[in-house]
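Listed below are the residues making up each chain.
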Amino acid sequence: MSARAKKPLVVVTRKLPDMVETRMMELFDARLNIDDQPMDEAALIAAVAHCDVLVPTVTDRIDAGVLAAAGPDLKLIASFGTGVDHIDLQAARARGITVTNTPGVLTEDTADMAMALVLAVARRLTEGERMVRSGKWQGWGPTFMLGRRLGGRRLGIIGMGRIGQALARRARGFGMSIHYHNRRRVHPEVEAELEATWWESLDQMLARMDVLSVNCPHTPATYHLLSARRLKLIQPHAFLVNTARGEVIDEAALARMLAARELAGAGLDVFEHEPAVNPRLLRLDNVVLLPHMGSATLEGRIAMGEKVIVNVKTFVDGHRPPDRVIETML
């Protein structure tokens, strides 16, 4: 770190909650993004050229090109978010730059949203809400707006980490049977608590579930994990929910299948090319679409900011930050 300033120069790429920014100003020489305009590549390059610490968010693309412009003082990228697929970790490591994230604090909020999407798509909530607002509702009828009951249905969770387990606990409260696919089988005590069934084969699990939820991170290994081939394994009556990353699903293939009613419906909080959304999805009434708001609670954002501050403070004090990202653990 540069010796020219007593406090480290910390560049924050987006507007954060006021109390987080205030604390950053107290502890660091913080440069805030008051108007919350996303920084383009040129702005990111200018930032990394002179700062000690960069605090980006999941929408900032910190690729090899940006990192190539990093000055000698940049030693820490303290990302505001759990996912790190927006950062070229190999390029950062090659330049001796430590990367941290904010795991754990978003678990409950994201699991809440995943469960909300399961309910919304199965019970056609947003479709009904649009009907009321449009003035097209003509009154109750015995076969009007029929959805599907969740009790007794099988939920297949793709990625049984913190969020997947939190979703499983919620789904059990609705009487759902829990199934999961994960790189590694979870601890037997967790399986027993959740009464969860592990599937080593994702293909086999997909073909047997009533509801599927994507809760795994986006990595090179999970890009289009739900490919066109795998999506066709899902039963036509099933629902698919994604609160993880859009790149895990072949969005074009999903849109085609939903339009053809080869899947009953989907609830999507993330998209493959966000903020752009496949135009076909926008025209479908069997899809619930949300603007990447799964972790968007005030409490969650403040907790994320507090983790960023701890990571930065620990690092500049000469210690290993608690949330250091290690590639082999992803």
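Owing to the predicted nature of the structure, the values given are computational and were not obtained by experimental measurement.

**Remarks on helix H2 (residues 41–48)**
Of all the residues in H2, the buried ones are Leu44, Ala47 and Val48. Looking down the long axis of H2, one finds its buried residues gathered within 90 degrees of arc, a one-sided arrangement. In this structure, the buried residues of H2 make contact with strand E1 (9–12), strand E3 (53–55) and helix H3 (64–68).

**Observations regarding the sheet that holds strand E6 (residues 154–158)**
Read from one edge to the other, the open sheet built from 7 strands follows the order E8-E7-E6-E9-E10-E11-E12, with strand pairing classed as parallel. Only two strands of the sheet have a single partner each, and these edge strands are strand E8 (196–198) and strand E12 (287–289). Across the sheet, the axes of successive neighbouring strands diverge by a mean angle of 20 degrees, strand direction being ignored. Looking at chain direction, strand E9 (residues 211–214) and strand E10 (residues 239–242) are connected through 4 bridges and run parallel. Among the inter-strand pairings, leucine 212 is bridged to a residue of E10, identified as leucine 240. Lying over the sheet, helix H7 (residues 162–173) contacts E6, strand E7 (177–181) and E9, oriented at roughly 170 degrees with respect to E6.

**Structural notes on the nonpolar core**
By size, the foremost hydrophobic cluster in this structure holds 30 residues, and its most contacted members are Ile158, Val214, Leu226, Leu231, Leu240, Leu254 and Leu258. Contributing elements (two or more residues each) for this core: helix H9 (202–206), E9, helix H11 (251–259) and strand E11 (265–268). Beyond its immediate stretch of four places on either side in the chain, leucine 240 contacts Leu212, Val214, Leu226, Leu231, Ile249, Leu254, Gly265, Ala266 and Gly267. In this structure, Val118, Leu167, Met176 and Val288 belong to the second largest nonpolar core, which totals 25 residues.

**With respect to the packing of helix H5 (residues 107–122) against H7**
Viewed as axis vectors pointing N to C, H5 and H7 meet at an angle of 50 degrees, and their least axial separation amounts to 8 Å. Considered as vectors, H5 and H7 are oriented oblique to each other. As for the relative orientation of H5 and H7, their crossing is right-handed in sense. The segment H5 lies against H7, with Thr107, Glu108, Thr110, Ala111, Asp112, Ala114 and Met115 engaging Arg162, Ile163, Ala166, Leu167, Arg170 and Ala171. Looking at the contact of H5 with H7, its residues break down into 7 nonpolar, 2 polar and 4 charged.

**So, the UniProt feature "domain: D-isomer specific 2-hydroxyacid dehydrogenase NAD-binding" (unreviewed entry) in the protein chain**
The sites that carry the UniProt feature "domain: D-isomer specific 2-hydroxyacid dehydrogenase NAD-binding" (unreviewed entry) are, in the present numbering, residues 115–294. Between the end C-alpha atoms of residues 115–294 there is a gap of 10 Å, over a span that is 33% helix and 16% strand.

**So, the domain arrangement of the protein chain**
You can read the domains of the protein chain as domain 1 (9–103 + 297–329) and domain 2 (107–289). Relative to domain 2, the C-alpha centre of domain 1 lies at a distance of 31 Å. Contact with domain 1, which involves 7 residues of that partner, is made by 5 residues of domain 2. Of the roughly 490 Å² buried between domain 1 and domain 2, counting both surfaces, carbon and sulfur atoms make up 35%. Between arginine 245 and aspartate 85 there is a salt bridge, with the nearest N and O atoms lying 3.4 Å from each other.

Criteria and thresholds
- Residues numbered from 1 in each chain as written.
- Predicted model: local features only at pLDDT ≥ 70, side-chain atom pairs only at ≥ 80, totals over all residues.
- Heavy atoms only, no water.
- Buried < 20%, exposed > 50% of the residue type's maximum accessible area, 1.4 Å probe, protein only.
- Helix = DSSP H or I, 4+ residues; strand = E, 2+ residues; numbered from the N terminus.
- Arc of directions from axis to C-beta.
- Contact = heavy atoms within 4.5 Å.
- Pairing = 2+ DSSP bridges.
- Axes fitted to C-alpha atoms, helices over the stretch in contact; angles between N-to-C directions.
- Core = buried A, V, L, I, M, F, W, Y, C linked by side-chain atoms within 4.5 Å.
- Parallel < 35°, antiparallel > 145°, perpendicular 65-115°, else oblique.
- Left-handed = near helix turned anticlockwise from the far one by under 90°.
- Nonpolar A, V, L, I, M, F, W, Y, C, P; charged D, E, K, R; others polar.
- UniProt positions renumbered as here; feature names shortened; annotations may be inferred.
- Domains from an automatic or database assignment.
- Buried area = accessible area lost by both parts, 1.4 Å probe.
- Salt bridge = Lys/Arg side-chain N within 4 Å of Asp/Glu carboxyl O.

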